[in-house]
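Coordinate inspection notes
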Amino acid sequence: MAFKPISQKFTDFVIDRDDPRCINCEVCVRQCSYEAHYWDDTKQRVSFDSSKCIGCHRCAAQCPTHCLTIRRNPMEFRENSFWTPTYIKHIYKQGDTGGILLSGTGSPADKPVYWDNLQLDASQVTNPSIDPLREPMELRTYLGSKPDRIEFEEGASGFKLKGEIPPQIKLEYPLMFAAMSFGSINFNLHKAMAQASTELGIVYNTGEGGLHPSLYEYGPNTIVQVASGRFGVHKDYLNAGAAVEIKVGQGAKPGIGGHLPGEKIDEEVSRTRMVPLGSDAISPAPHHDIYSIEDLLQLIYAIKEATRYRVPVSVKIAAVHNAPAIASGIVRAGADIVVIDGFRGGTGAAPTMIRDNVGIPIELALAAVDNRLRDEGIRNHASLVVSGGIRCSADVVKAIALGADAVYIGTAALVSVGCTLCGRCYTGKCPWGIATNEARLKKRQNPDVAAKRLANLIRAWGHEVQEMLGGMGLNSIESLKGNRDKLRAIGLNQVELDILGVKHAGK
């Protein structure tokens, strides 16, 4: 008896074609990487199959006569507040395939977004605001371990610093492009991030896929990552960047490793990652040389030795309930930067159940970690960077007020170059040429154009950050760091207020 997939009968999207306006040019056929549009030889015209549509809107955006509309399927399941359509469709799909559910981008789960419950304070009369257009506003920040005190000595040419400051990353904006590995996104996007970072005076992160040889020239604006799979890691790679990041965990999938499907590993990715062409690149859940803080300490100092103590070493963890204790151990193990990634972090591929149900919001984790490090008197020994759910410049300002030194942006960066969050990154068929290595598709991203859009995004956010700082009566990002008096909460309970360390609005 033929096996007929049930899940294909309940499509998420419906393609509407205005036939009188359609000129059968087949642009939609060429643009759709999922073959939802096709040429029908019998009817001698373009036709479509809505069951294959993922809602990326590529066809509608490229249609020369604007005859296409992609909309949600209006067909509804019987109302049930417990058995929602999402869970029903998941079960249908697993009944069809017998496999785990995979998802890309960040979690769409309807859970609290604490950024939206925090409001920024503003200056008025007794503490006047600052005009960011006419007065200097300092956004520059430095990432790395800071000494407990600074001493100067007077010499023939004036005062100079006694001793040495540990290595730092200099950022002209408190923003960086997050770790997105070569393979999960293609070379064009890596080059675009490298170019934009160099132009802006910030850095981007290679992710766990190594660094393409042609991008070594952008090393001063690159953070190279060491993950559990050790893909692409060698001595020259470690010495290529402005910092080295040890990835222990990731917000979208805490407690598990990574998986880059073999169909996304072409010759360039194979060579850079040092894995066989077309084979799956699977990074294990743990580092097999890290089973304690003492083991982590050994790796941190092995990397510092390999890089001759020239660059800071960062450790990235997922936001989980015991993140403060973990962060304390990481700082005491010698890390110069601690990165915390929240559960809304993006991903090229993650099990759907883990993406949506494991980890905690970055706002709570950040506040808790900052409090723990301050209470222990070691907050200055490492910088704090957060990622996983930064959508706009206001989120950046609120994160810094909660204690972050800087933030990573990943999904927002991809959206700026065209991503529509269709969530099918793991298929390697990205219609916008981002999460794909297919020659035909990746050409849709021009690295120079993408770099310009990325730079525009950072500059725009930078201007908005300056305006918000001025409105609070501050003229530097350093004055905002950990300054929770500049935040007020709306609609949060006392437990949440205590964790965040902020007062309720009106208090």
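Above this note sits the structure.
The paragraphs below set out a description of the structure included in this document. (Residues numbered from 1 in each chain as written. Predicted model: local features only at pLDDT ≥ 70, side-chain atom pairs only at ≥ 80, totals over all residues. Heavy atoms only, no water.)

**Thoughts on the pairing of strand β13 (residues 222-226)**
- Counting buried positions along β13 yields five of five residues, so the element is predominantly enclosed.
- Neither face of β13 is open: one carries T222, V224 and V226, the other I223 and Q225, and all of them are buried.
- Of the pairings in the sheet, the one linking strand β12 (residues 204-205) to β13 comprises two bridges and is parallel in character. Each residue of the ladder has a partner; that of N205, found in β13, is I223.
- Both β13 and strand β14 (residues 243-247) contribute to a ladder of four bridges, which runs parallel. Of the residues in β14, the one forming a bridge with V224 is V244. (Buried < 20%, exposed > 50% of the residue type's maximum accessible area, 1.4 Å probe, protein only. Helix = DSSP H or I, 4+ residues; strand = E, 2+ residues; numbered from the N terminus. Pairing = 2+ DSSP bridges.)

**Regarding the sheet that holds strand β23 (residues 503-504)**
- One open sheet holds the three strands; their spatial order is β6-β22-β23, and the pairing between them is mixed. Of all strands in the sheet, those with a lone pairing partner are β6 (118-120) and β23, marking the two edges.

**So, unusual backbone geometry**
- With a phi angle near 60°, E35 is a residue other than glycine that sits in the positive phi range.
- You can see E35 is positioned in the loop between α1 (27-31) and β2 (37-40).

**Notes on the packing of aromatic side chains**
- Scanning the model with the defined rule gives four aromatic pairs in all.
- Where F82 meets W83, the ring centres are 5.7 Å apart and the plane angle is 90°; that geometry is what we call edge-to-face.
- By relative accessible area, W83 is classed as partly exposed at 44%.
- Where F182 meets F187, the ring centres are 6.4 Å apart and the plane angle is 70°; that geometry is what we call edge-to-face.
- On the accessibility criterion, F182 (2% relative accessible area) is buried.
- On the basis of relative accessible area, F187 is assigned to the partly exposed category, the value being 24%.
- These aromatic residues form a ring-pair network of at least three members: F10, F77 and Y92. (Phe/Tyr/Trp six-rings, centres within 6.5 Å; stacked < 30°, edge-to-face > 60°.)

**Quick notes on the pairing of strand β8 (residues 152-155)**
- Where β8 lies against strand β9 (residues 158-161), four bridges are found, and the strand directions are antiparallel. When the sheet's bridge partners are listed, G155 is paired in β9 with G158.
- The hairpin formed by β8 and β9 contains two residues between the paired strands.

**Some words on the environment of S416**
- Its location among the elements puts S416 in helix α12 (residues 411-416).
- Placed 18 residues apart in sequence, S416 and K398 show a C-alpha to C-alpha distance of 21 Å.
- Residues within four places of S416 in sequence aside, it is in contact with R453, L454 and L457. (Contact = heavy atoms within 4.5 Å.)

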